[in-house]
Structure formats: structure tokens, C-alpha cells
Amino acid sequence: MSRTKATWKTSQLSKVKGKSWKIKSPANKITNLKVPKKCQTKSQKHPKFLSNSKTRTQSKRNESKSSEALGRSKIASCFKPKKDLQSQSHKKRNTGSYRYQSIENNKVIIKRKTKASGKKIFDFSNLFLKNPEITAHIDVGITSRIYGICVTSDNLLWVIYLRKHVKLFDAAGKVVRSVKVQRSPVYNCCTPTGDLLFTQASADDACAEVTIVPRAGKPRTLVDLSSYASHLCGILCQGEMIYIVAYRDSSSKYFIIKLHMNGKVVTTYEAKPENVNIGGIISHYGKIYAIGINYFNMYPLKKDNVSSVAMNKVKLDDTIVRSACVDNLGNVLLPSDLEVNIICPFLQRLHKVRIDISDSIRSVAVDQQNNLWIGTRDGHLYISKYLKQFS
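Note that this is a predicted model, so its numbers are computed, not measured.

**Student:** Can you explain the overall build of the protein chain? Please cite residues and give values.
**Tutor:** The secondary structure content of the protein chain amounts to three helices and 30 strands. When each of the 391 residues of the protein chain is scored for burial, the buried share is 50%. For the protein chain, long-range pairs separated by at least 24 residues make up 43% of all intrachain contacts whose partners lie at least 6 apart in sequence. A total of about 20,100 Å² of accessible surface is found on the protein chain, and carbon and sulfur atoms cover 47% of it.

**Student:** Which residues make up the environment of Pro335, and what values go with them?
**Tutor:** Residue position: Pro335 is located in strand β25 (residues 332-336). C-alpha of Pro335 to C-alpha of Cys325: the two residues are ten residues apart in sequence and 9.6 Å apart in space. Among residues more than four places away in sequence, those in contact with Pro335 are Thr319, Ile320, Ser323, Ile361, Arg362, Ser363 and Val364.

**Student:** Residues and numbers for the pairing of strand β8 (residues 146-151), please.
**Tutor:** Counting buried positions along β8 yields five of six residues, so the element is predominantly enclosed. Looking at chain direction, β8 and strand β9 (residues 157-161) are connected through five bridges and run antiparallel. Looking at the pairing, Val151 lines up with Leu157 of β9. Once β8 ends, the chain turns through five residues before running back antiparallel as β9, passing Asn155 with a positive phi of about 65 degrees.

**Student:** Let's hear about the environment of Asn188: which residues, and what values?
**Tutor:** The residue Asn188 is located in strand β12 (residues 187-190) in this model. Since its relative accessible area comes to 14%, Asn188 is described here as buried. Considering only alpha carbons, one finds Asn188 and Val159, 29 residues apart in sequence, at a separation of 9.1 Å. In this structure, Asn188 is in contact with Gly148, Ile149, Cys150, Ile160, Leu196, Leu197, Phe198 and Ile235, ignoring residues within four places of it in sequence.

**Student:** Mind laying out the nonpolar core, listing which residues take part and the relevant values?
**Tutor:** Soluble globular proteins tend to bury their nonpolar side chains together. In terms of nonpolar packing, the biggest core is built from 52 residues, with Leu197 and Ile256 touching the most fellow members. It is strand β17 (residues 241-248) that provides the largest number of residues to this core, a total of seven residues. Those residues within four positions of Ile256 in sequence are excluded, and the remaining contacts are Tyr243, Ile244, Val245, Thr267, Thr268, Tyr269, Ile278, Ile281, Ala290, Leu301 and Val306. Judged by nonpolar contacts, the second largest core, of 21 residues, contains Ile355, Val364, Tyr382 and Leu387.

**Student:** Describe the sheet that holds β8, listing the residues and the values that go with them.
**Tutor:** The strand order across the open sheet formed by four strands is β8-β9-β10-β11, and the pairing between neighbours is antiparallel. If you trace the sheet from one side to the other, it starts and ends with β8 and β11 (175-180), each paired once. Taken pair by pair, the neighbouring strands of this sheet meet at an average axis angle of 15 degrees, ignoring direction. As paired elements, strand β10 (residues 165-169) and β11 share five bridges and run antiparallel to each other. Residue pairing for β11: Val166 is matched across the bridge by Val179.

**Student:** Mind laying out the layout of surface pockets, listing which residues take part and the relevant values?
**Tutor:** Of the voids in this model, the largest pocket is the one considered here, and its volume is about 1,000 Å³. Surrounding the largest pocket, 41 residues form its lining, Cys150, Val151, Leu236, Ser283 and Val326 being those nearest its centre. Elements with a contribution of two residues or more to the lining of the largest pocket: β8, β12, β16 (231-238), β20 (278-284), β24 (325-326) and β28 (361-366). The residue inventory of the lining of the largest pocket, partitioned by class, reads 21 nonpolar, 15 polar and five charged.

**Student:** Go over the side chain of Asn305, please, and point to the residues and values.
**Tutor:** The residue Asn305 is located in strand β23 (residues 305-307) in this model. Its relative accessible area of 14% is what places Asn305 among the buried residues. Among the polar contacts made by the side chain of Asn305, one reaches the side chain of Asp304 at a distance of 2.8 Å. Ignoring anything within four residues of it in the chain, the contact list for Asn305 reads Tyr269, Glu270, Lys272 and Pro300.

**Student:** Describe the pairing of strand β18 (residues 253-260), naming the residues involved and giving the relevant values.
**Tutor:** Within β18, six of the eight residues are buried, which leaves it mostly tucked inside the rest of the structure. Sheet topology note: the β17/β18 ladder contains eight bridges and is antiparallel. Along β18, the bridge assignment pairs Ile242 with Leu259. The antiparallel pairing of β17 with β18 creates a hairpin that spans four residues between the two strands, and Ser252 there sits at a positive phi of about 55 degrees. The hairpin formed by β18 and strand β19 (residues 265-272) contains four residues between the paired strands, and Gly263 there has a positive phi angle of roughly 100 degrees.

**Student:** Describe in detail the packing of aromatic side chains, supporting the description with residues and values.
**Tutor:** Taken as a whole, this structure holds four aromatic pairs when the rule is applied. Here Tyr247 and Tyr254 contribute two aromatic rings whose centre-to-centre distance is 4.6 Å and whose plane-to-plane angle is 50 degrees, an arrangement assigned as tilted. Each member of the pair, Tyr247 as well as Tyr254, carries the same accessibility label: buried. Taken together, the ring pairs connect Phe124, Phe128 and Tyr386 into an aromatic cluster. The ring of Phe255 is capped by Arg248, whose NZ or CZ atom sits 4.2 Å from the centre of that ring. Taking NZ or CZ as reference, Arg322 lies 3.7 Å from the ring centre of Tyr147, over its face.

Rules behind the numbers
- Residues numbered from 1 in each chain as written.
- Predicted model: local features only at pLDDT ≥ 70, side-chain atom pairs only at ≥ 80, totals over all residues.
- Heavy atoms only, no water.
- Helix = DSSP H or I, 4+ residues; strand = E, 2+ residues; numbered from the N terminus.
- Buried < 20%, exposed > 50% of the residue type's maximum accessible area, 1.4 Å probe, protein only.
- Contact = heavy atoms within 4.5 Å.
- Areas by Shrake-Rupley, 256 points an atom, 1.4 Å probe, with all protein chains shown as cover.
- Pairing = 2+ DSSP bridges.
- Core = buried A, V, L, I, M, F, W, Y, C linked by side-chain atoms within 4.5 Å.
- Axes fitted to C-alpha atoms, helices over the stretch in contact; angles between N-to-C directions.
- 1 Å grid on protein atoms, 1.4 Å probe; cavity = no way out; pocket = protein on both sides within 12 Å on 5 of 7 lines; lining within 4 Å.
- Points joined across faces, edges and corners; volume = space filled by probe spheres on them.
- Nonpolar A, V, L, I, M, F, W, Y, C, P; charged D, E, K, R; others polar.
- Polar contact = N/O pair within 3.5 Å; in protein donor to acceptor, adjacent residues only side chain to side chain.
- Phe/Tyr/Trp six-rings, centres within 6.5 Å; stacked < 30°, edge-to-face > 60°.
- Lys NZ or Arg CZ within 6 Å of the ring centre and 35° of its normal.

Geometric values such as these leave the question of function open.
Here it is in C-alpha cells:
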């Protein structure tokens, strides 16, 4: 057997300490690695089985080759370097053919699979249309600020109006359901079953209650949290749990309350090591972040507290944090007057998309077909294309 082949001979293995082996195989460039016991084959535990005796039968040599190949594959799997968790998340969030790859020369690189060349690379800013195309303008006759838009799992959209009104639209912009509520909705989210949850923040008639609007049925109070907080802000459903940003007048502090879906409180999270002013709350690649009120900052929710150290490198002011959302590519979107701020998934690059409308933008959301929904100050609703279509 040639020494240039990827075979393990006795001369190619030298015992170091205990179960450690120095592997000198030409094809396996792994050296000085400790082979876990569970991954050791019989030949690795007892090198004598790697005998080079020429008297062995052909069947024995074939058996040895098979054993050695199995051993190499097991070791390769054991010592395969762990991928960065964020990179793994990007793959999971990949919708369509786009995938965020890396940051090079202060640019976010996006790779897109193509039939011809396999991959094409685009700069982050080139992913978006310079002049987004408005595909629909919906006016339901309510002259009230649209404070929030949220998307259900089956691609319906709840739209909340400050004047105590909520509507459910289908993906084409047709009204499916219209409901009057007793209090002014400000922050909102969808449950896994597609029901609407909202809080009132510090509106004129606000109280520390969470209201649920079912897909079918009358609105009702899910839970009263007045014993915990003075008023409630951002709300999020994730993993059969509800997370709410709350404010307590007595301590002048913001914190997060975690609840079961039935409204039972599980625990609370205070900001540490310093107090921070937070309002919104989003889920970004499965991790929960509280959003700063005065400036755009993303504070991660940890095991027992809210970190007061912001994770994002993009700094923004004059944005509406209550409407922060995450699109299907992992970008974070925030409205700002006539623009939509788009922050890359690495939270390091910013791109601004200007929308050609005459009204001030108050809320945004992206449906499952990558359509950008825009709610305005005067109650108008727009559907727009914002991503480029690459050939």
C-alpha cells in the first residue's frame, strides 16, 4: 500500500498521552488531537490491528481499510469546528435565494445562488430598490394614525388605528375583519394562532392591561398587570410565551414581564448594570431585544436581566421604535417620516429607503411574500416592493 494514500499505518501513528495520537496522514491535516473515546474504532484503541504484515489475506486488508475509513470519518465529525451561531441563524432565516455571507471592507456581502455560476455577490445597499414601487394604496376612511402592523403565520395582517379600531387584511389588501375596541391600541403583536394582542403605552385612556382580539369573537382583557406596572409598552409572542416592556412610576424604571399565553406571570427582568429607557421589543434570529425609546439601541434579554449594553453599531435618532420589525432576510426595519431605515442582520450597516408618498410614515411590516406594508399618520395604508429582483 502506497504511503501517499490516506491510510493509517502503525508508522503514521505515534502515541503521545493516554488516548492522544499524532496523525500524520497526508490527506488528514489534523495533528495532535485527542480522539474522544466514543469516536474511537477498534483499530484506534489497539494499533496492533494496523499491522502491515504481508501475510494477511486480501479480505483482512479490505476489512482494515473499511475500519480505517470509518475511523477517519468519525474523527473528522468529532473535530469539525463549530460554526458561529449567528451564521447558522442566517441560514435558517434564508428565504428565497438570498443569504447573508460576511462583512468585507465594511460592506455586507450577500450571496445568491444561480443556475449559471452558482453564486453571485451583491453589496448590502444594492439589494434594495432606489425608488420602491407602490403596488397598492388602501384607504378605509379612518383618519387616524396607524400605530402598528403585524403579520400572522398564514400571511394575514392586523392593522391598528389609534382611534380605537383594528382591521384584519388579507395579503391583497382586502378587509377580512373590522373590530372596534374600548381602548387606544399602540403596541401590538400576533399570537401563534393569529389573534391580536395590544397594549396602550401612555395613551390618554391607558391602563396596564393586555387586550386580545381573536380572529373570531369579541375583544377581551387577557391580563391586568396594574400590580406590576403603571403602563405597558412593547409586546412580543415567542415560544408560547409573552414578553412585555413595562414601566413602573414608583421606581421610574422600565423592565420586562414574561407571561404564559394564559396571562400568568412567570418572571420579570430588570435592566443591568444600569437603567435604560426601553419601549419596543423584537425577536431577531430567535433572540429577544428591547429597543431604546430616545435612540435606536438593541438591548439583549439575558437569562435573568436586560443587558444595558447595546448590541447594535448603527446609531439612529428620530425613529419610531414601537414599529420596529424584522423582515424575512433578518434586516431590522424602522420608519422615520418619509423614509424606512433598514439595518443589516449584523447590526452594522444602515440603508435608507425613501418612499414616494406625501404622508408621514408611522408603522411598517413585511409580509411573507416580501411586500413592505406602510401605515401613515392620516390612516392610509400602502403596499410596496422594496427588494430588487435579480436575474
